[in-house]
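Structural overview
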Amino acid sequence: MSDFILEMKSITKEFPGVKALDDVSFQVRRGEIHCLVGENGAGKSTLMKILSGVYPFGTFDGSIVINGQPQQFRHVSDSERQGIAIIYQELALFPELPIYENLFVGHEIMKGRIINWNETKVRAKEILKRVGLDLDPATKIKDLGVGHRQLVEIAKALSQDVKILILDEPTAALNEADSENLLNLLQELKSQGVTCILISHKLKEIVAVADTITVLRDGRVVTSLNAKERKVTEQEIIKHMVGREIENIYPKREQVNIGDVLFEIKDWTVVDRAANREILHDVNMQVRRGEIVGVAGLMGSGRTELALSIFGNAPGYDITKGEMYLEGKAVKFKHPADAIQSGVAYVTEDRKGNGLVLIQDVKFNISLPALEKLMHGLVVNEHEEITMAEEYRRSFDIRTPSVKTKVENLSGGNQQKASVAKWLFAEPNLIILDEPTRGIDIGAKYEIYTLMNQLVSQGMSIIMISSELLEVLGMSDRIYIMSEGTITGELDAQEATEEKIMALATKTTEGVMA
Amino acid sequence: MKTARVSETAAHGGLGAEIRSLVASNIRDYAMYIALVVIFVTFTIATQGLFVSSRNLINLVNQTGYVAVLAIGMTLILIIKHIDLSVGFVAGFLGAVGAILMMKGWNVWLVIPTVLLCGIVVGVYQGFLVTRIKVPAFVTTLAGMFIFRGLLSWVTAGTGTIIVRDRTFLQLSNGYIPDLPWGEGLSFHLLTLLLGLVMVAAVIFTQIKQRQDLKRYNFATTSPVIFVAKLVFFSLVIMAVTWIMATYRGLPWTAVIVAVVLVIYNFILTKTRFGRHIYAIGGNAEAAELSGIKVKQVTFLVFASMGLMSALAGILYTSRLASATPTAGLGFEMDAIASSYIGGVSVGGGVGRVTNTIVGALVIMSLTNGMNLLGVDISFQYVVKGIIFVLAVAFDVTTRSKAKA
């Protein structure tokens, strides 16, 4: 038998316009804990989706070999049959059903044609013990905490005689104690012969448990480090994660003209009502006139929640503490309409999901937040609307056959320009850009950056939330770094480096998520 | 606006190509008109001409009235992706309330505003449940359907059918506009004919203005031949309908009421900020909220407007039957929803026009009217209407998914 339980050879996967994985080879030894790290968008999830059969055989190049046998997974069930189980960040449990039903859903223990519930409950108890849970199997999932749910997910995988267990950011939503508990369990499973692939952003955990660390960057394997032979440090991983050549795609601002403080939040604390947990804790932030402030942090660090809570749209959130000041005056936004009225705009991270009305045309979308500017009495003046939209089309170079073209027919970059145009029409003083260049090509990125520079030189202020470190470094005057709902650091553009940001973004603080 | 949907390539492909492209991009609207023509031709032949007699066509207009106003209100509800199942019995109940008030001796000019106000109250109640308490509209209005059905049988329990005798009230669904003094002795209704001519002039004027605007901003327009052909066609249809009415007893009051409601709602939807907000919410409610639109408030108002339209429908129906009956309103919601969907409201929300909804209402009510003339059994009528309804939606879903691909 081969030393490797799993080999993925020369995997290449392309999406329209993007090479998500480029000739990736990935080998996992029997019975090890293999950590997969990389920035957001490096290709980790794509690789795991190929392994689990979400992207079926034939939609990618390369081969998967398990125990020396080449495999062709056409469906998730094919990989399950080979003992591969994947546990995603968003758990796939049925909250209204008891633990024992969840454990065997889809693989019910049968007695003839009916389900053998007695046997199910007995087996459930045994499996729960294996993951260290001493719970009544009849407990409903909704009555469990996040940490216990995570363990139930693992128990579910174990019930299927799993050989390779893949965990995608299992500790992202867990507090310290639960995280440690989970990592101990992984060590325990390893001793029982289960191979684990762990995807995580928390480098501290990785250096603690990993036998091998594979670093992905821009769809390629950068390196595979053997952590059993020698101690791998967090710094070393960070260097591999970010260490690429810096291309000069960030236009220089002609003149930096930073004025007094325009916007400030103090001790901003927000609670998610449903989960009854703090998602933002004592956030302090200042933005000056004519300044681009970058907000860096990993997914789930609370950046979008921060933007939404500032903008007055926090469904299910309560702002339990803190004040917000605009031009020195305390303000409160109960609805995005209030924020817009006060000159704050928010370009969402998901332009298709909640940014644009795709089935409407370009001019409809641009005029939406500030229709009152086009009102003549009761009537929206369509002539002025067309003239205005044409102006934005020209000045932003929005490539569309006409301003009466539906937005769904525009390319991603042009949709993004339309979303920015929409907010500029509302004449904000402060504009929050959430992932302004996600999913658009280099050329369109450059245009967005140029536009941002123009805006701040006119005296506008920008908060730019971004997962792309280079973008944050290239565009910001000042950078806040968030982790687990708190600001873990503030850096000046001059002193900031990718390593410093990564270190702060992966810093775990005590107690915040509890 | 239709002209804007013609693709640019058509401009270079000659008349044949332009017509093909027009048909391709407006297939939904055309299908509705074709259905209407097919229904008219079929029933005309089957009834040996009785269907298109002046008397029956006027009858059709009066029958369509109450469904048309319900369908206009329903179009807004469906655009923002909600539904109102209670409209039938709300209309029935409020009609009965009006009849009772008149029986008690209230003046008709006091009764009508009171009933309309009650309609708004009902809409406010349902809007409150949907937006504030977050009970899904389907549940809220299904419950409303039971509540108002119950209330209707309760208020009519003692008396059974309540006869309405007020002449003004009866005019609403059975009367005609008075003629001008100079029309006396003519073989046709002068004012009706004049109104028809005014309408033709208005259509020609607005169409030419729209075309000029499109040209001014360099948007694609149809070729002059098609444009003139369309104008001539519309003018002929309007004049034909006008002539039929003018040579009978003139324009029915119902048509006037529906026309006023239609003009107001069309104005609101196409010209005002509120209309923009409705389309934005239907297209993407989350994006609308994040653009500063108060989604709850708009939803609330749309339900209030639906209540108002239900009350108006109740008045028209009661006037038409000259009585309030314990089963008034049965199945109206089906006719109203079907009219909207046949008229091109998208099941996915965000799309729909009240002007087309009216044609949809005409399709549904011509079917009803024609089948009644032929003496088709009422049970079978339900089956036919159900099939037409589901076909219309199936057609909508398939044409839209093709357009996307």
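Predicted model, so just to flag it, every value in this text is computed and none were measured. (Residues numbered from 1 in each chain as written. Chains lettered and ligands numbered in written order. Predicted model: local features only at pLDDT ≥ 70, side-chain atom pairs only at ≥ 80, totals over all residues. Heavy atoms only, no water.)

**Remarks on the overall build of chain B**
Which entries qualify depends on this criterion: Helical segments are the DSSP runs of H or I of at least four residues, strand segments are the runs of E of at least two, and each set is numbered from the N terminus. Radius of gyration: C-alpha atoms only; globule rule: 2.2 Å multiplied by the number of residues to the exponent 0.38. Whether a residue is buried, partly exposed or exposed follows from its accessible area with a 1.4 Å probe, protein chains only, as a fraction of its type maximum: under 20%, in between, or over 50%, in that order. Residue-level accessible areas treat just the shown protein chains as cover; the underlying method is Shrake-Rupley with a 1.4 Å probe. We score Asp and Glu as negative and Lys and Arg as positive, and we do not count His or the chain ends. Think of each charge as sitting on NZ of Lys, CZ of Arg, CG of Asp or CD of Glu.
Along its length, chain B carries 16 helices and two strands. The globule rule puts the C-alpha radius of gyration for 405 residues at 22 Å, and the 22 Å found for chain B is close to it. Oriented by its inertia axes, the alpha-carbon framework of chain B measures out at about 70 × 60 × 40 Å. Classification of the 405 residues of chain B by burial places 50% in the buried group. Accessible surface, chain B as shown: approximately 18,600 Å² in total, 71% of it carbon and sulfur. Charge centroids of chain B, computed over 29 positive and 14 negative side chains, lie 3 Å from each other.

**Considerations on the overall build of chain A**
For chain A, the count of helices and strands is 17 helices and 24 strands. In terms of overall dimensions, chain A is globule-like: its C-alpha atoms have a radius of gyration of 25 Å, near the 24 Å expected for 514 residues. Reported as C-alpha extents along the three principal axes, the dimensions of chain A are approximately 75 × 45 × 45 Å. Within chain A, the fraction of its 514 residues that count as buried is 55%. Of the accessible surface of chain A, which amounts to about 22,200 Å², a share of 48% is contributed by carbon and sulfur atoms.

**Points about a nonpolar patch on the surface**
Residue and element names in this part refer to chain B. Quick note on the threshold: Think of a patch as exposed residues, more than 30% relative accessible area, with no salt bridge, where like charges cluster within 9 Å and nonpolar side chains (Val, Leu, Ile, Met, Phe, Trp, Tyr) cluster within 5 Å. Salt bridges are defined as contacts in which a side-chain nitrogen from Lys or Arg sits within 4 Å of a carboxyl oxygen from Asp or Glu.
On the surface, a nonpolar cluster with roughly 390 Å² of combined accessible area is contributed by Leu15, Ile19, Val23, Ile27 and Val225. Take the nonpolar patch: its biggest share by element is three residues, from helix 1 (residues 14-25). Structurally, the position occupied by Leu15 is in helix 1.

**A closer look at the interface of chain B and chain A**
What counts, and what does not: In what follows, a contact means two residues having at least one pair of non-hydrogen atoms within 4.5 Å. Two parts lose some accessible area (1.4 Å probe) when they are put together, and adding that loss for both gives the buried area. By the criterion applied in these results, polar contacts are pairs of N or O atoms within 3.5 Å in which, for protein atoms, one can donate a hydrogen and the other can accept it, and in which residues neighboring in sequence qualify only through two side-chain atoms. Charged means Asp, Glu, Lys or Arg here, nonpolar means Ala, Val, Leu, Ile, Met, Phe, Trp, Tyr, Cys or Pro, and polar covers whatever is left, Gly included.
Chain B puts 29 residues into the contact, and the matching count from chain A is 40 residues. Both sides together, the interface formed by chain B and chain A hides about 2,700 Å², and carbon and sulfur atoms give 62% of it. Summed over the three residues of chain B that lose the most area to chain A, namely B:Phe219, B:Arg276 and B:Leu290, the buried surface amounts to 27% of that side. The interface formed by chain B and chain A includes two salt bridges. Here A:Glu385 and B:Arg276 are joined by a salt bridge, their closest N and O atoms 2.7 Å apart. Here chain B and chain A share nine residue pairs in polar contact (both at pLDDT 80 or more) between them. When its residues are assigned to classes, the side of chain B that touches chain A shows twelve nonpolar, eight polar and nine charged.

**Quick notes on the pattern of salt bridges**
A side chain with one charge may pair with a side chain of the opposite charge, provided their charged atoms come close. Applying the stated criterion across every chain, the model contains 28 salt bridges over all chains. With a shortest N-O distance of 3.6 Å, A:Glu382 and A:Lys363 are connected by a salt bridge. Note that A:Glu382 is positioned in helix 13 (residues 382-396) and A:Lys363 in helix 12 (residues 362-367), a separation of 19 residues in sequence. You can call A:Lys363 buried: its relative accessible area is 6%. For B:Asp213, the salt bridge is made with B:Arg216, and the minimal N-O distance between the two is 4.0 Å. Taken together, the positions of B:Asp213 and B:Arg216, both in helix 8 (residues 190-216) and three residues apart, correspond to about one turn of that helix. Overall, the relative accessible area of 54% leaves B:Arg216 in the exposed class. Ionic contacts of the salt-bridge type, sharing partners, join the residues A:Asp361, A:Lys363, A:Glu382, A:Glu385 and B:Arg276 into one network.

**Brief notes about the sheet that holds strand 16 (residues 317-326) of chain A**
Residue and element names in this part refer to chain A. Let me state the cut-off plainly: At least two DSSP bridges between two strands are needed for those strands to be called paired. The axes used here are C-alpha line fits, helices contributing only the stretch in contact, and every angle between their N-to-C directions lies in the interval 0 to 180 degrees.
With respect to topology, four strands assemble into an open sheet ordered 14-13-16-17, the strand pairing being antiparallel. Either end of the sheet is taken by a strand with one partner, and the two such strands are strand 14 (277-288) and strand 17 (329-331). Sheet twist, expressed as the mean angle between neighbouring strand axes with direction ignored, is 10 degrees. Lying on the sheet, helix 9 (residues 303-310) is in contact with strand 13 (261-272), strand 14 and strand 16; it crosses strand 13 at an angle near 110 degrees.

**With respect to the side chain of A:Thr506**
Residue and element names in this part refer to chain A. With respect to the helices and strands, the residue Thr506 is situated in the segment after helix 17 (498-505). Using a relative accessible area of 8% as the deciding quantity, one classes Thr506 as buried. Polar side-chain contacts of Thr506 include one of 2.7 Å to the backbone oxygen of Met502. Once you skip the residues sitting within four places of it in the chain, Thr506 turns out to touch His201, Leu203 and Leu298.

**Quick word on the pairing of strand 22 (residues 461-465) of chain A**
Residues and elements named next belong to chain A. In terms of burial, strand 22 is a largely internal element, five of the five residues being buried. Side-chain alternation along strand 22 places Ser461, Ile463 and Ile465 on one buried face and Ile462 and Met464 on a second face that is also buried. Note that strand 15 (residues 292-297) and strand 22 share four bridges and pair parallel. Considered in strand 22, the bridge of Gly294 is made with Met464. Of the strand pairs in this sheet, strand 21 (residues 430-434) and strand 22 are connected by five bridges, and their pairing is parallel. Bridged to Leu430 within strand 22 is Ser461.

**Quick notes on the packing of helix 8 (residues 234-242) of chain A against helix 17 of chain A**
All names here are of chain A. This is how it is decided: Here the word oblique covers every angle except those under 35 degrees (roughly parallel), over 145 (roughly antiparallel) and from 65 to 115 (roughly perpendicular). Crossing handedness: left-handed means the near helix sits turned counterclockwise from the far one by under a right angle, and right-handed means the same turn made clockwise.
Contact pair helix 8 / helix 17: the axes reach a minimum separation of 10 Å and the direction vectors enclose 120 degrees. One finds that helix 8 runs oblique with respect to helix 17. As helix 8 runs across helix 17, the sense of the crossing is right-handed. Residue-level inspection shows Ile238, Lys239, Met241 and Val242 of helix 8 in contact with helix 17, the latter providing Glu498, Glu499, Met502 and Ala503. Of the residues that constitute the contact of helix 8 with helix 17, the class distribution is five nonpolar, no polar and three charged.

**Considering helix 3 (residues 54-79) of chain B**
One turn of the α-helix equals 3.6 residues, which is why residues spaced by three or four share an orientation. Residues and elements named next belong to chain B. Quick reminder of the rule: To estimate the expected span of a helix, subtract one from its residue number and multiply by 1.5 Å. Throughout, bend refers to the angle between the axes fitted to the seven residues that end at a position and the seven residues that start at it.
Taking 1.5 Å of rise per residue, 26 residues should cover 38 Å, and helix 3 covers 35 Å from first to last C-alpha, within 8% of that figure. Where helix 3 bends most, the angle comes to about 40 degrees, and this point is Gly65. Of all 26 residues making up helix 3, 22 are buried, and the element is well covered by its neighbours. Just beyond helix 3, the residue with positive phi is Lys81, at close to 65 degrees.

**Description of the domain arrangement of chain A**
Basically, it comes down to this: Boundary definitions for the domains trace back to an automatic or database domain assignment.
The domain architecture assigned to chain A consists of domain 1 (4-242), domain 2 (247-343 + 432-514) and domain 3 (352-427). Look at where the C-alpha atoms of domain 1 of chain A and domain 2 of chain A centre, and you get two points 32 Å apart.

**Description of the nonpolar core**
When a protein is soluble and globular, its nonpolar side chains tend to lie buried together. The condition that has to hold: We define a nonpolar core as any set of buried Ala, Val, Leu, Ile, Met, Phe, Trp, Tyr and Cys residues linked to one another through side-chain atoms lying within 4.5 Å.
If you look at the biggest cluster of nonpolar residues, it comprises 96 residues, and the most contacted ones within it are B:Tyr66, B:Val69, B:Met74, B:Phe169 and B:Ile278. Ranked by residue count, the leading element in this core is helix 3 of chain B, at 13 residues. In this view, B:Val69 contacts B:Val258, B:Val261, B:Met309, B:Leu312, B:Ala313 and B:Leu316; residues no more than four positions away in its chain are not counted. A:Tyr392, A:Ile440, A:Ile448 and B:Tyr217 belong to the second-largest nonpolar core, a separate cluster that totals 77 residues.

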